[in-house]
Structures are given as structure tokens and as C-alpha cells.
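A closer look at the structure
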Amino acid sequence: MVDEDRKRPHAIFFPYPLQGHVIPAVHFATKLASAGFTITFVNTHFVHHQISKSGADGRGGDDIFTASRKAGLDIRYETISDGFPLGFDRSLNHDQFWEGALHVLPAHVEEFVERKVSSKEKVSVLIADTFFVWPSTVAKKYNLLYVSFWTEPALVLTIYYHLHLLRSHGHFGSQDNRTDTIDYIPGVRAVEPTDLMSYLQPSCKDTSSICHRIIDKAFDDVKRADFIIINTVRELEEETISALHQTQPTYAIGPIFPTGFIDSPVATSMWPESNCTQWLDSKPPGSVLYVSFGSYAHASKPAIHEIARGLLQSGVNFIWVVRPDIVSSDDPDPLPVGFEQKAREEGRGLVVVWCSQNKVLSHCAVGGFLTHCGWNSILESIWCGVPLLCFPLYTDQFTNRKLTVDDWKVGINLCDGDWVIRGEEVSKKIDRLMRGETAEDLRVKIKKVKKVLEDAWAAGGSSETGFRQFVEDIEVKIN
Ligand code: UDX
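Residues numbered from 1 in each chain as written. Predicted model: local features only at pLDDT ≥ 70, side-chain atom pairs only at ≥ 80, totals over all residues.

**Quick word on the overall build of the protein**
If you tally the helices and strands in the protein, you get 19 helices and 13 strands. The C-alpha radius of gyration computed for the protein amounts to 22 Å, which stays within 12% of the reference 23 Å derived for 479 residues, consistent with globular compactness. When each of the 479 residues of the protein is scored for burial, the buried share is 49%. A separation of at least 24 residues holds for 71% of the contacts in the protein among residues at least 6 apart in sequence. (Helix = DSSP H or I, 4+ residues; strand = E, 2+ residues; numbered from the N terminus. Rg over C-alpha atoms; globule rule 2.2 N^0.38 Å. Buried ≥ 20, exposed ≤ 12 C-beta atoms within 10 Å, placed from the backbone. Contact = placed C-beta atoms within 7 Å.)

Below you can see the structure in the form of C-alpha cells.
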């Protein structure tokens, strides 16, 4: 077939409607469009509304359609309903939100895909976040290739993928789960039950929650994907990726970042970004601790108060991202009374609702990151050579902590043994992260892992090659 006769892939791309999933999806879509794909990128009305509202002051880039037009890329942008009105509090009513993702969203997706497929747009591929429960059914019905897009480490994917093994070995699903080491998952030498994702931990007794029902369906569905894309780096998770690849074509193409890392041409933030640069410019190199617990998890009020106490006691400079719903959206004042004012008056601390995290982490004044261990945050911090103080809260964050602290040794735990937080301990750990021998050791180690990430995306590196191979394989399948 001569080149002009070859079909250009046109993919409909559905990111999961949560901040930490939309961000890498936008950047992956942009990479695909740069490689010649036509992309129809579909956000929910709610995600679209949040991003547009946050970017209303002009910070943070254009929407994906406008940015792609400026860059000469073919990305079309559409929105669908998630079944709830815009004003519905998805954070406060998360069980209802998940029920909607399970029962309402699939019908909206199907109606959308049917409309696209029956138009003249020649759609050939469906790319959907692995947490969705419907992609294989929709792809089969409309004769599309199905690409499952996984935004977390391969380790987390493979554990969910082999949930049946955890059940049959008694590590999950019974009233009295085993608590010894898990050593039978293909591609995973050993993992402790306490390092499993929160839904699978021995302490999780209700295994029929809405999240469990979604997990059961989604990780059954992914087994019918034609391709799996993972936002990780082969060299960091070699055995796990090889084992997955033996069952299904799997491509590790991470880290997926915006071109240029700091200044994304596409707006992705769902909260308005505060500009921290001027404040950071006034601080000495390596003196600032960046604190953020990501976009979705909640922390208890006592934990927030102990962290606040620890921050003040440590004497370190800090920027703390305190989302309005960090404790709960019906608790608008999560911080101790007077904390923010004291930090500001002493010139030591800045509290913001949201910021450009990549910009903050890239600033030379930042010397550490107290994080909830979201996967994007870990990759971004490693990319910037900023060691991590780990405080996992929810879902994959416990498993991501194991990789960060136990395997790659680029971070330390905020709490030892139990997950009870005490201000004195927080202050001590901040000190270890930012000053002295441990800090020095962490910086040396993180430089090495950063180099692994950089090499992966350099010409001929594993992620660059994986990405090119994926594009070629898709083209072969549709032509
Ligand atoms: C959840 C999961 O835990 C995570 O592993 C998965 O990849 C996505 O969903 P989330 O709370 O969204 O995590 O955290 P994280 O993965 O770290 O993603 C947060 C994103 O928001 C990062 O890209 C970060 O740069 C960005 N962010 C965060 C900002 O731009 N500004 C902020 O103020 C805080």
C-alpha cells in the first residue's frame, strides 16, 4: 500500500473524569496527534466546566482544541454528561458519583460513540481509561480497536489484574484475610498486604462497595483490550511489564508530561492556579517544602492539624496546597485557627488552593515534597530531582509509596509503623528530608532515577521506542 492510501488513525479518547487522570490523558492525546492521529477528546461537562472556570483569568493555557489548532494538530474536543447537574457536589457524594460512572455514564458514552461512528469521521480506535467498565463492549459493538490507558504504575495494574489470585490465596475477600507476603503474582516478586491499594488491604472489610464493583468489572474489561498503555518507565518496572506483556500487548511510555514540562499549552487545572513564583524567588535554594495531597483524597482534620503543627515546629519554608475539600467540602476551614496568618506573617509559608505543581517543583527553592503519593506527583517530583516525604491516603497511593520508599529509595515515610500522625514526628521527618545525611543520600538516589526517566524519552530510549512501536502497531491493525 502506498503511503497516501494508508488510513490515519482517528481515536475517540475518554479520560476518567478526575483531575489526576485528565492531566496525563491530555498530554498523551497531544503526543498521539503529533504522531499523526486525529483525536476526538471527550471530557464530561463537569470537568470541562471546572477547567474553563479555573482558566478564566487566562493562566494555565488554552483548552485542548484551541491549543491543538495553534500547534497544527488535529484534536477535536467534545463533552458529554456524567449524569449529574454541574452544581452536584461530586466530592461530598462520591458513592453516588461512582454509581453514575457504573450505571449512567456508559449509556452517554455509547450514544456519543454511535453518533461519531455513523458520521463521516472514520473513527477506528477507542482509547479509554482502564478504570472504565464499558470500553470492550463499546469497542466490539462499533468495531473499534480498544486501547486501555493506565495512569498508575504497572505494579498497581498487575495487582488488580490478578485479583482472582489474591482471592484464591486468601489475601482478599474473606473476613479473615491472610497478612503474610504475597509472592505469586506474575511479575511481582513480593508485596506486603499493607502495601496493596486501599480497597484490597486486609483492613478493608466491605468488599462489595461501589468501588469494588467498579474494580471487578474494569479489570475484567481490560483483559479484552487490544493494547495497554502505561504511564511508567520500563526500566523502573521491568519484570512487571514483561509479565503483563506476555498476556497482552503492553507499552510503557512514561513519564507522560506536557511538552516543555512547565508551561503546558493546554489548560488542565480544575481549580484556579495561584502564582507562587515571586514568593519562591525570595527563598534560598532547597529551603522550601512543597506540600500537596493531590486532587481527590481526603485527610482527617486531626492529621491536617498535626501536619500544620509539624510544619511550624520544623522551621522550614513551605507552600501548602489546601484544596477546599481536603477534609470534606462541607468543612471549609480545615486548618488550625490562625495558622495561615502566622505562616504568612513570619514569611515562612504560603497556603494556596491550587498551583502549577510542575512550576513549583521545578523552582530551585524547592527542596522536598510532602506528598500523598499520587502517581503523577511522584513522576513529576523525580523529574525535578525533589525527594519525597510520603503520606499515602487512598487507593494506589500505598502501593506507590512502596515503589518510592522501599524500592527506589527516593523518599522516606512520614509515619513509621502505624499511620498515626504526630506534629513532633512530622517536624523530625521534614528535617531528615531537607537537611543532613539522609537528605544528601536521597538527592543522590533521586538523581539516578531522574536519569532513568530522562533516558527513557531520549531518542532510542524505552518510552520513545515504545510509543513509536505503539503508533506503528495501531497503523498496521487499521490498514
Ligand atoms: C489519583 C491517584 O492516586 C494517582 O495515582 C493517579 O495517577 C491519579 O488519581 P491524584 O490525587 O489526582 O491521584 O494525584 P496525582 O496523581 O499526583 O495527580 C495530581 C495532578 O495534579 C498532578 O499532575 C499535579 O501536578 C497536579 N497538581 C496538583 C497541580 O497541578 N497543582 C496542584 O496544586 C496540585
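Structure's up, so let's keep going.
**Describing the packing of helix H12 (residues 301-314) against helix H17 (residues 423-434)**
Their axes nearest at 7 Å, the elements H12 and H17 cross at an angle of 50 degrees. The angle between H12 and H17 falls in the class oblique. The handedness of the crossing between H12 and H17 comes out as right-handed. Seen from H12, the contacting residues are Glu306, Ile307, Arg309, Gly310, Gln313 and Ser314; seen from H17, they are Gly423, Val426, Ser427, Ile430 and Asp431. For the contact of H12 with H17, the residue count by class is three nonpolar, five polar and three charged. (Axes fitted to C-alpha atoms, helices over the stretch in contact; angles between N-to-C directions. Parallel < 35°, antiparallel > 145°, perpendicular 65-115°, else oblique. Left-handed = near helix turned anticlockwise from the far one by under 90°. Nonpolar A, V, L, I, M, F, W, Y, C, P; charged D, E, K, R; others polar.)

**Some points on the sheet that holds strand E6 (residues 227-230)**
One open sheet accounts for seven strands, arranged E3-E2-E1-E4-E5-E6-E7; its pairing is parallel. Strands at the two margins of the open sheet, each flanked by one partner only, are strand E3 (75-80) and strand E7 (250-252). Mean inter-strand twist for the sheet, computed between neighbouring axes without regard to direction, equals 20 degrees. With four bridges joining them, strand E5 (residues 145-150) and E6 adopt parallel strand pairing. Bridge pairing links Val147 to Phe227 in E6. Sheet strands touched by helix H19 (residues 462-478): strand E4 (125-129), E5, E6 and E7. Its angle to E7, the strand with the most contacts, is close to 145 degrees. (Pairing = 2+ DSSP bridges.)

**Regarding the site of the ligand**
Near the ligand there are 27 residues, and of these Gly20, Gly294, Gln357, Gly374 and Ser377 occur at the shortest range. Put simply, the parts of the chain that give the shell around the ligand at least two residues each are helix H1 (19-34), helix H14 (357-362) and helix H15 (375-383). When the residues that make up the shell around the ligand are grouped by side-chain class, the tally is eight nonpolar, 16 polar and three charged. (Near = placed C-beta within 6 Å.)

**Re the nonpolar core**
In terms of nonpolar packing, the biggest core is built from 146 residues, with Phe13, Ala29, Leu126 and Leu389 touching the most fellow members. A total of eight residues in this core trace back to one element, the largest contributor, which is H1. Excluding residues that lie within four positions of it along the chain, Leu389 makes contacts with Gly368, Phe369, Leu370, Thr371, Gly411, Ile412, Leu414, Lys429, Ile430 and Leu433. (Core = buried A, V, L, I, M, F, W, Y, C linked by C-beta atoms within 7 Å.)

**Some remarks on the pairing of E6**
Where E6 and E7 come together, three bridges link them in parallel fashion. Along E7, the bridge assignment pairs Ile229 with Tyr251.

**What about unusual backbone geometry?**
Omega for the bond connecting Gly254 with Pro255 falls within 30 degrees of zero, at -5 degrees, which places this linkage in the cis form. On the secondary structure map, Pro255 appears in the loop between E7 and helix H11 (277-281). Its identity is not glycine, yet Phe261 carries a phi of approximately 65 degrees, on the positive side. With respect to the helices, strands and loops of the structure, Phe261 is situated in the loop between E7 and H11. Backbone geometry places Thr395, a non-glycine residue, at a positive phi of 45 degrees. Mapped onto the elements of the fold, Thr395 is located in the loop between strand E12 (388-390) and helix H16 (397-407). On the basis of neighbour count, Thr395 is assigned to the buried category, with 23 C-beta atoms found within 10 Å.

**Some words on the environment of Ser242**
Checked against the element boundaries, Ser242 lands in helix H10 (residues 238-247). Taking C-alpha positions, Ser242 is 7.2 Å from Gly187, a pair spaced 55 residues apart along the chain.

**Describing the sheet that holds E12**
Here six strands make up an open sheet; going across it, the order is E10-E9-E8-E11-E12-E13 and the pairing parallel. Only two strands of the sheet have a single neighbouring strand rather than two, namely strand E10 (349-352) and strand E13 (411-413). On average, each strand axis in the sheet is inclined to that of its neighbour by 20 degrees, with strand direction left out of account. Here strand E9 (residues 317-321) runs beside E10; their pairing, made up of four bridges, is parallel. Its bridge partner being in E10, Val321 is matched across the sheet by Val352.

**Observations regarding H1**
Here H1 spans 23 Å end to end across 16 residues, near enough to the 22 Å set by a 1.5 Å rise per residue. The buried fraction of H1 amounts to 14 of the 16 residues, a majority that puts the element mostly inside the structure. Within two residues after H1, Gly36 carries a phi angle of roughly 105 degrees, on the positive side. (Expected span 1.5 Å × (residues − 1).)

**Some thoughts on the pairing of E4**
With five of five residues buried, E4 is to be regarded as a mostly interior element. Neither face of E4 is exposed, since Val125, Ile127 and Asp129 on one face and Leu126 and Ala128 on the opposite face are all buried. Sheet topology places strand E1 (residues 10-14) next to E4; four bridges connect them, and they run parallel. Opposite Phe14, over in E4, you have Ala128 as the bridge partner. Bridging between E4 and E5 involves five bridges; their strand directions are parallel. Bridge pairing in E5 links Ile127 to Val147.

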